[in-house]
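Residue-level structure breakdown
If you want the building blocks of each chain, they are given just below.
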Amino acid sequence: MHPFVLTRADDSASAIAAHSQDVQLAFIAGGTDLVALMKDGMELPERLLDINGLPGTERIEELPDGGLRIGALARMSDVAADGRVRARFPVIAEALLFSASGQLRNMATMGGNIMQRTRCAYFRDGDALPCNKREPGSGCSALHGLNRNHAIFGWSASCVATHPSDVAVAFAALDANVIVRGRVGERPIPFAEFYRPPSSTPERDNVLGRGDLIVAIEVPARPEGRASHYLKVRDRQSYEFALVSVAAAVETDGERLRSVRLAMGGVAHKPWRLLAAERALRGILLGNTNGLRSAIAQSFSEARPLTHNGFKVELSQRAALRALLTAGARA
Ligand code: SF4
């Protein structure tokens, strides 16, 4: 493995200063993705700054509006088990429980989870074949190669990869904010703006720059939060990334949908909101299956499947309907 120097940060100000001045330095917390990336040669930082000791960033705190501020260093297992998360946003708890093994959830942090890099096999399998995300300008082997697991929305000829995080899909559905502390203070970044489109620079996954440290994720109170559900469809039932997944959250007036939030995983470089479907679903009765199906279909006219993943277009719509009905049954 590539040699590196490990030091520990005592406070966020010095951690941010060190990161902003040293392009060879990376933050490490749970390390469940970064260490694998380093072993396989995708990331080769010379210095690692352990941020596990930064005070206060492991807590789950109340927001004045009834939402929650989830510290970036909170462990996945602690967030999934938190009574407030389970009661107010079951979609978050379910997404975490479907994400990884118990051992990984005990180790991995929330900030690290949303920073995971793609599981595209061409990216992860060393340098045997071209990959623009690993080596800019080398080409995309998946575009005309094996692309069954890849995107149907938002891809470019430079990269057709999907984002692997489950809980990011739940956060996107709830319009959560990533709270980033940098050299000039703290700022919220809406989930919709956090991940960069692949365009011609797929090597950059998100909008963070040098000296930016994720300190929390804030989930505002949502009337749809309690009636929410995360559905993950995958090739095997355990320890597998999503073929497609859906975060659904609803508010109802009796049997009628008053408002709907739908986001999908496994279909794009970021959690993909089904905004056209959300608008079309308002006012439809939960028992009107054909109406629900037609409304969901409105978000799929823009789908652009690749050679091997056309099945995702139908699978996604069926999964969205099932997740919607499960969330609706909780309202
Ligand atoms: Fe690399 Fe993206 Fe193409 Fe996969 S889809 S080979 S990550 S450029």
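Summary of the structure given here.

Of regular secondary structure, the protein chain possesses 13 helices and 12 strands. By the compact-globule yardstick of 20 Å for 331 residues, the protein chain fits well, its C-alpha radius of gyration being 20 Å. For the C-alpha atoms alone, the extent of the protein chain along its principal axes is close to 60 × 50 × 35 Å. Per-residue burial over the protein chain gives 56% buried out of 331 residues. Contacts in the protein chain between residues far apart in sequence, at least 24 positions, make up 63% of those at least 6 positions apart. Carbon together with sulfur atoms contributes 51% to the accessible area of the protein chain, which is approximately 14300 Å² in total. Computed over 40 positive and 35 negative side-chain charges, the inter-centroid distance for the protein chain is 4 Å.

Attention now moves to the site of the ligand. Around the ligand, the structure places 14 residues, and the nearest of them are Cys120, Cys131, Cys140, Cys159 and Val160. More than half of the atoms of the ligand fall within 2 Å of the grid points belonging to the second largest cavity. Its residues placed into classes, the shell around the ligand shows nine nonpolar, four polar and one charged.

Taking every second residue as pointing to the same face, both faces of strand β5 (residues 68–71) are buried, with Leu68 and Ile70 on one and Arg69 and Gly71 on the other. Strand direction decides the pairing type here: strand β4 (residues 60–62) and β5, joined by three bridges, are antiparallel. Across the sheet, residue isoleucine 60 finds its bridge partner in β5, namely isoleucine 70. The antiparallel hairpin formed by β4 and β5 contains five residues in its connecting segment, where glycine 66 sits at a positive phi of about 95°.

Next up on the list: unusual backbone geometry. Of note in this structure, aspartate 175 is not a glycine but carries a positive phi near 55°. Here aspartate 175 shows up in the loop between α9 (167–173) and β6 (177–182). Residue class for aspartate 175 comes out partly exposed when judged on its relative accessible area of 32%. A positive phi angle, close to 35°, is found at serine 199, a residue other than glycine. Structurally, the position occupied by serine 199 is in the loop between α10 (191–194) and β8 (213–219).

Bringing the sheet that holds strand β12 (residues 272–273) into the picture now. Judged by pairing direction, the sheet is antiparallel, and its four strands sit side by side in the order β9-β10-β11-β12 without closing on themselves. On the outer flanks of this sheet lie β9 (228–233) and β12, each paired with one strand and no other. Note that strand β10 (residues 244–253) and strand β11 (residues 256–265) share nine bridges and pair antiparallel. For glutamate 251, the partnering residue across the bridge sits in β11 and is serine 259.

Here we take up the packing of aromatic side chains. Counted by the stated rule, this structure contains six aromatic pairs. With 5.5 Å between their ring centres and 35° between their planes, phenylalanine 171 and phenylalanine 191 make a pair best called tilted. Residue phenylalanine 171 is located in helix α9, and its partner phenylalanine 191 is located in helix α10; the two are separated by 20 residues in the primary sequence. Counting every residue linked through ring pairs, the aromatic cluster contains Phe171, Phe191, Phe194 and Tyr195. For the cation-ring pair, arginine 304 lies above tryptophan 155, with the distance from its terminal atom to the ring centre recorded as 4.1 Å.

With that settled, the discussion passes to the layout of surface pockets. Each pocket or cavity is described by its volume, and for the second largest pocket that value is around 220 Å³. Mapped by element, the contributors of at least two residues to the lining of the second largest pocket are α10, β12 and α11 (275–281). Its residues assigned to classes, the lining of the second largest pocket comprises eight nonpolar, one polar and four charged.

Time to look at helix α13 (residues 311–329). The end-to-end C-alpha distance of α13 is 27 Å, a good match for the 27 Å that 19 residues give at a rise of 1.5 Å each. All of the buried residues in α13 are Lys312, Val313, Ser316, Gln317, Ala319, Ala320, Leu321, Ala323, Leu324, Ala327 and Gly328. Tucked inside the fold, the buried residues of α13 contact β9, β10, β11, α11 and α12 (289–297).

The rules we used
By convention here, each chain's residues receive numbers from 1 onward along its written sequence. Under the rules for a predicted model, residues below a pLDDT of 70 receive no local features and side-chain atom pairs below 80 are neither given nor counted, while totals for whole chains, interfaces and linings still include all residues. Hydrogens are left out, water is left out, and the side-chain values use all remaining heavy atoms of the structure. Going along the chain from the N terminus, every DSSP run of H or I of four or more residues is numbered as a helix, and every run of E of two or more is numbered as a strand. Every radius of gyration here is taken over C-alpha atoms, with the globule rule written as 2.2 Å times N^0.38, N being the number of residues. Residue exposure (1.4 Å probe, protein chains only): buried if accessible area is under 20% of the type maximum, exposed if over 50%, otherwise partly exposed. The contact definition used throughout considers only heavy atoms, calling two residues in contact when any of these lie within 4.5 Å. For the accessible areas, the method is Shrake-Rupley and the probe is 1.4 Å, while residue cover comes only from the protein chains on display. His is not counted, nor are the chain ends; Lys and Arg add positive charge and Asp and Glu add negative charge. Where a charge lies is defined by one atom per residue type: Lys uses NZ, Arg uses CZ, Asp uses CG and Glu uses CD. Residues are classed as near a molecule or strand on a simple rule: at least one heavy atom within 4 Å of it. As defined here, a cavity is a set of points on a 1 Å grid over the protein atoms alone where a 1.4 Å probe fits but cannot get out. A pocket is an open set with protein on both sides within 12 Å along at least five of seven lines, and residues line them when an atom is within 4 Å of a point. Assignment of a molecule to a cavity or pocket requires that more than half of its atoms lie within 2 Å of the corresponding grid points. Note that Gly is not counted as nonpolar here; it falls among the polar residues with everything else outside the nonpolar set of Ala, Val, Leu, Ile, Met, Phe, Trp, Tyr, Cys and Pro and the charged set of Asp, Glu, Lys and Arg. By the convention used here, strands pair only if DSSP detects at least 2 bridges between them. Two rings from Phe, Tyr or Trp (for Trp, the six-membered ring) form a pair when their centres are within 6.5 Å of each other. A pair whose planes differ by under 30 degrees is stacked, one over 60 is edge-to-face, and the rest are tilted. Both a distance and an angle decide whether a charge sits over a ring: NZ of Lys or CZ of Arg must be within 6 Å of the ring centre and within 35 degrees of the ring normal. Grid points are joined across faces, edges and corners, and a volume is the space filled by probe spheres set on the points. Expected span of a helix, by definition, is 1.5 Å for each gap between consecutive residues, and there is one gap fewer than residues.

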